[in-house]
Number of protein chains: 2
Amino acid sequence: MRRGRGAKADVVREVNYRRLRNPFPPMSVVSDDRLEAIHEAALTVLEDLGLRVLLPEARALFAKAGARVEEDMVWIGRDIVAAALASAPKAIRLHGGTPARDVDWSPGALTFMPASGTPHATDRERGRRPGTARDYRELIRLVHHFDVLHLHAPIVEPQDVPVHLRHYFAMDAQMRLSDKVPNVYARGRPQVEDSFEMVALARGLSDEAFHGGVHCWGVINSNSPRTLDIPMAQGLIDFARHKQVTVMTPFTLMGAMAPITVAGAMTLSHAEALAGIALTQCARAGAPVMYGTFTSNVDMKSGAPAFGTPEHVKASLLAGQLARRTGLPWRCAAGSASNLADAQGANENQMGLWGCLLAGATTTLHSTGWLEGGLTVGYEKLVVDVEVLQMVAELCAPVDASDEAIGLDALAEVAPQGHFFAAGQTMRRYATEFYAPILHDFSNFGTWTERGGRDAEARATDVWKAVLAEPEAAMLGDRQGALDDFVARRTEEGGAPPES
Amino acid sequence: MRRGRGAKADVVREVNYRRLRNPFPPMSVVSDDRLEAIHEAALTVLEDLGLRVLLPEARALFAKAGARVEEDMVWIGRDIVAAALASAPKAIRLHGGTPARDVDWSPGALTFMPASGTPHATDRERGRRPGTARDYRELIRLVHHFDVLHLHAPIVEPQDVPVHLRHYFAMDAQMRLSDKVPNVYARGRPQVEDSFEMVALARGLSDEAFHGGVHCWGVINSNSPRTLDIPMAQGLIDFARHKQVTVMTPFTLMGAMAPITVAGAMTLSHAEALAGIALTQCARAGAPVMYGTFTSNVDMKSGAPAFGTPEHVKASLLAGQLARRTGLPWRCAAGSASNLADAQGANENQMGLWGCLLAGATTTLHSTGWLEGGLTVGYEKLVVDVEVLQMVAELCAPVDASDEAIGLDALAEVAPQGHFFAAGQTMRRYATEFYAPILHDFSNFGTWTERGGRDAEARATDVWKAVLAEPEAAMLGDRQGALDDFVARRTEEGGAPPES
């Protein structure tokens, strides 16, 4: 029983981190005219310069749609692109293990994903190492823990799992340890089809039910400039035919695999993304596909990739304009080139994140944990970045400007130079009025020093260790057996090596 | 002579960090109706609850304008506020030592100031200590060095200088070491008038010329809630009479000296700011004055101030709406509660900064170097934060979307899976196309480890030491003698203790 608070019920402020809408005004960096010029230039790239497409099946699909094909080169007409943009869905619902974990990739939605595709992992207790199965499972558990991370990504490469069995391991870990939407790595048709089966088994879905909705996602990177390799083209086709969603993302570093200018790099990126999107629609009109971009710059002195730079932000903002022109949901990316979870890493990742937020990205990949330009995922870095995402999520909640919130009576209650600690309005609201950080420490210098004077990176170790000290989830219950049987059978049959 | 680059001139990209316009779209967090409700509530606070005003001269000015006065309480009618908002200038030009250092506080301008008012200083070489004259001079030199910091602030308290002489020291250091617009601390009429004389002497201005333009600025903090003390009221009056600009800023921590809600705290802040602005206009109609806000929250468990929180950002966004309603130039603030220049410090300061950027702040105080919620200025923190300001300045430059930037010929020049390192467009632009960081390190893990594996904070030491290793500026030339004579005379006369 509460005492001394009067009769009024407490005001409880709640923010649902699982369903966010982007509250930030979209920012444009080029005029509508020049946006059209960039779009036209991208169409010219596709029509006149063409793309190298290594998969014969993909070339055949393009040819059937009317594209000119010679050897491994494909020239795609603007009519094919226009038809693809017309048939691709403008909103995509992805289903998690429970409706509360469903994700809407639709205009105005705001979703986040962690670091993706890193070969290494690092933390302050065990140091930097090649990614392992243990790292993969631990990181899936960390991503599962934080509601503000909405879907799984292939966060680290479990290098100690044989490549022909690695997708069984990855799918099992994602489905067993989490009910969030899983990622399927597009490493060729055999692995993708195995992975789809595992998702269907884990979710208890018939083939028909699986194809009736989107239950997983995969990222497709073109090999910039102007090349689409075999597993990537297969992924676009296979996901489309199974009605699962691909995120068609050219990874274009300005000055390296893309032009040095923001406008030039985005022209190339736009052309390649449109080509990939067109392939999905040639494979199956109406298949879900996401417009993807990830453009930053390299250091022109060393050639090293850089992230969270002004050029990265400008490219994201231009990408957002191009994405709005397509009308499709859109994936962008944050990230950091720093080698540890220090102030550089924080500032780069947050700067890149604001680029995505102001550009209106439907989903932001690499939003947490990305170090060394993607060569390493950091456990502490993940915690540091989740704090920022949670603050952004708080900004999605409206400001209460009701008469009670304005609170003229509270203002009258406190005399000049008094304080509001005990005001009635404060007492009604204090328990939940402010965001409670998971990492940030507001204690003063004396107290902080007495407690060991630990920086944010050091304290982040405590946070991830506490999460991993909780019991592992076992999400699948009875269905785990079917999954185990599938993996055992397929392993006995020899698994499925990646295609290249 | 350059070789092998062809005949075309290099494209040189330049960004003038000294003159920035805010390119970010303004973000609103309450409806126009509720904004009016907050404004009305603030007027009700002034009319019905009143303010405690400790300076009799200020009460007399309010009374003359028609306010009700009883003992030290003043009730200010909405007509007085409306008249003040009508007469206060909507754009203010501040003059530096050269026209290139002039600052426009006008709609759309974007200016930054460093940490202000900190009792302590810290760096990694000498540790945390009470601020000294040496710290003050060093920090003025650091602020002078970076063009993206547009004006000086009272960055640290030089505690080893006697209080009755401290303003001589501070003004001399600012004018001697920098040609940026100086700050004058409002610590009572005698110090303010001394300081104005020193600015006029240093700039070589007659009384008339000094009064013909704005040559310095001062911050005025009300004693929230609802109190205006003697030196602050004197400052408002004296700056107004001398046509210098005050920044009228209630410092309102939600849950402590202000209501726990964003809407309530901003109602109080708005009321106090309007009262201060009204006093300047009662002292001299048309006097330059800036609408100021600085509202964040406290941790409700410990009472510790917090900065760069979601609530801080929301308060800034609401403050921006109120500022736009007044039509006046507006000062907001970033800042950090962290005890060092770590990831928390970076993320807090950048989060608070984005609040100011999206709210359209004309100037952002505490944008660099602010640690421990303002108790300490950090040399390394200043460098860490300047990097972010410079990236923001880069975002103020337009994206080049010309045909040359789109560069269809560069795209045609590079074969599929080739690279753009040697493309003609790259060669024309590579020298200046990308922002060159002062602190951020893009080297890979191996190289970075070989070089000592130092984090951003450690590397920031090198940056500030390199700046301070340069020769000191001596900005005043012949005029330094007049300033020295003034200080010697006033010191002999006993100086001027602060008022309280």
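Everything numeric here is computed off the predicted structure, so don't read it as measured data. (Residues numbered from 1 in each chain as written. Chains lettered and ligands numbered in written order. Predicted model: local features only at pLDDT ≥ 70, side-chain atom pairs only at ≥ 80, totals over all residues. Heavy atoms only, no water.)

S.K.: Where do I start with the packing of helix H10 (residues 310-326) of chain A against helix H11 (residues 343-359) of chain A in this structure?
M.R.: If you want to describe how two helices pack, look at the angle between their axes and the distance between the axes. Residues and elements named next belong to chain A. Their axes nearest at 8 Å, the elements H10 and H11 cross at an angle of 20°. Taken together, the axes of H10 and H11 lie roughly parallel to each other. The interaxial crossing formed by H10 with H11 has right-handed handedness. Within the contact between the two elements, H10 uses His312, Val313, Ser316, Leu317, Gly320 and Arg324 and H11 uses Met351, Gly352, Gly355, Cys356, Leu358 and Ala359. Grouping the amino acids of the contact of H10 with H11 by side-chain chemistry returns six nonpolar, five polar and one charged. (Axes fitted to C-alpha atoms, helices over the stretch in contact; angles between N-to-C directions. Helix = DSSP H or I, 4+ residues; strand = E, 2+ residues; numbered from the N terminus. Parallel < 35°, antiparallel > 145°, perpendicular 65-115°, else oblique. Left-handed = near helix turned anticlockwise from the far one by under 90°. Contact = heavy atoms within 4.5 Å. Nonpolar A, V, L, I, M, F, W, Y, C, P; charged D, E, K, R; others polar.)

S.K.: Whenever I open this one, the packing of aromatic side chains confuses me. Can you help?
M.R.: Tallying each qualifying case throughout the model produces 27 aromatic pairs over all chains. Note on Phe24(B) and Trp354(B): the rings are 5.1 Å apart at their centroids and 75° apart in plane angle, and the pair reads as edge-to-face. Pair noted here: Phe24(B) is in the loop between strand S1 (20-21) and helix H1 (32-49) and Trp354(B) is in helix H11 (residues 343-359), with a separation of 330 residues, a long-range link. Comparing Phe24(B) with Trp354(B), the two get one shared label, buried. Seen from their ring centres, Phe294(B) and Phe307(B) are 5.6 Å apart, and the 40° between their planes marks the pair as tilted. Here Phe294(B) is found in strand S15 (residues 294-298), whereas its partner Phe307(B) is found in the loop between strand S16 (305-306) and helix H10 (310-326), with 13 residues between them in sequence. Through pairs of rings, three or more aromatic residues link up here, namely Phe24(A), Trp354(A), Phe24(B) and Trp354(B). For Arg128(A), the ring lying beneath its charged end belongs to Phe445(B), and the centroid distance is 4.1 Å. (Phe/Tyr/Trp six-rings, centres within 6.5 Å; stacked < 30°, edge-to-face > 60°. Buried < 20%, exposed > 50% of the residue type's maximum accessible area, 1.4 Å probe, protein only. Lys NZ or Arg CZ within 6 Å of the ring centre and 35° of its normal.)

S.K.: What's the story with the interface of chain A and chain B in this structure? I'm lost.
M.R.: By convention, interface size is frequently given as the accessible area that disappears when the constituent parts associate. On the side of chain B, 107 residues touch chain A, which itself brings 107 residues to the contact. Contact between chain A and chain B buries roughly 9200 Å² in total, counting both sides, with carbon and sulfur atoms accounting for 70%. The partner of Asp403(A) in a salt bridge is Arg34(B), and the shortest N-O contact between them spans 2.6 Å. Among the elements that take part in the side of chain A that touches chain B, H11(A) stands out by supplying nine residues, more than any other. Across the side of chain A that touches chain B, the residue classes tally to 64 nonpolar, 25 polar and 18 charged. (Buried area = accessible area lost by both parts, 1.4 Å probe. Salt bridge = Lys/Arg side-chain N within 4 Å of Asp/Glu carboxyl O.)

S.K.: What should I look at first to understand the relation of the copies chain A and chain B in this one?
M.R.: Copy one and copy two of the chain differ by a rotation about an axis and a translation along that axis. Least-squares fitting of chain A to chain B yields an RMSD of 0.0 Å, with the superposition described by an axial translation of 0.0 Å and a rotation of 180°. Considering both components of the superposition, the chain copies are consistent with a two-fold axis. In terms of proximity to the rotation axis, the leading residue of chain A is Ala343(A), whose C-alpha is 2.2 Å off the axis. The fraction of interface residues of chain A whose copies in chain B are also interface residues reaches 100%, indicating that both copies meet through the same surface. (Least-squares fit on C-alpha atoms with pLDDT ≥ 70 in both.)

S.K.: So what exactly am I meant to see when it comes to the packing of helix H1 (residues 32-49) of chain A against H10(A) here?
M.R.: Residue and element names in this part refer to chain A. Relative orientation of the contacting elements H1 and H10 amounts to 75°, with a least axis distance of 11 Å. The angle between H1 and H10 falls in the class roughly perpendicular. The segment H1 lies against H10, with Leu35, Glu36, Ile38 and His39 engaging Leu318, Gln321, Leu322 and Arg325. Partitioning the contact of H1 with H10 into residue classes produces four nonpolar, two polar and two charged.

S.K.: Explanation requested: the domain arrangement of chain A in the structure shown.
M.R.: The domain boundaries assigned to chain A delineate domain 1 (84-395) and domain 2 (398-429). Relative placement of domain 1 of chain A and domain 2 of chain A: their C-alpha centres are 44 Å apart. (Domains from an automatic or database assignment.)

S.K.: It is not clear to me how the pairing of strand S12 (residues 245-248) of chain A should be interpreted in this structure. Could you clarify?
M.R.: Each regular strand shows side chains that alternate between the opposite faces of the sheet. Residues and elements named next belong to chain A. Of the two faces of S12, the one lined by Val245 and Val247 and the one lined by Thr246 and Met248 are each fully buried. Here strand S10 (residues 217-220) pairs with S12 via four bridges, running parallel. Paired with Ile220 across the two strands is Met248, which belongs to S12. The pairing of S12 with strand S14 (residues 289-292) spans three bridges and is parallel. Each residue of the ladder has a partner; that of Met248, found in S14, is Tyr291. (Pairing = 2+ DSSP bridges.)

S.K.: Just checking my understanding: could you explain helix H2 (residues 56-64) of chain B for this structure?
M.R.: All names here are of chain B. Every buried residue of H2 is accounted for by Ala58, Arg59, Leu61 and Phe62. Along the long axis of H2, the arc covered by the buried residues comes to 160°, so they all point the same way. Check the buried side of H2 and you find it contacts strand S2 (51-53), strand S3 (68-70), strand S4 (73-75), helix H3 (78-87), helix H8 (230-241) and helix H9 (262-283). In the segment just after H2, Gly66 is the residue with positive phi, at about 110°. (Arc of directions from axis to C-beta.)

S.K.: Any chance you could explain the sheet that holds S15(B) here in plain terms?
M.R.: Within a beta sheet, neighbouring strands are joined by backbone hydrogen bonds and run either parallel or antiparallel to one another. All names here are of chain B. The three strands lie next to each other as S13-S15-S16, forming an open sheet whose pairing is mixed. Strands at the two margins of the open sheet, each flanked by one partner only, are strand S13 (251-254) and S16. In the packing of H9 onto the sheet, contacts are made with S13 and S15, and the angle to S13 comes to roughly 160°. The strands touched by H10 within the sheet are S13 and S15, with S15 carrying the most contacts at an inclination of about 155°.

S.K.: For this particular structure, what's the right way to read the environment of Leu322(A)?
M.R.: Mapped onto the secondary structure, Leu322(A) falls in helix H10. Setting aside chain neighbours within four positions, we find Leu322(A) in contact with Leu35(A), Ile38(A), Met266(A), His270(A) and Tyr291(A).

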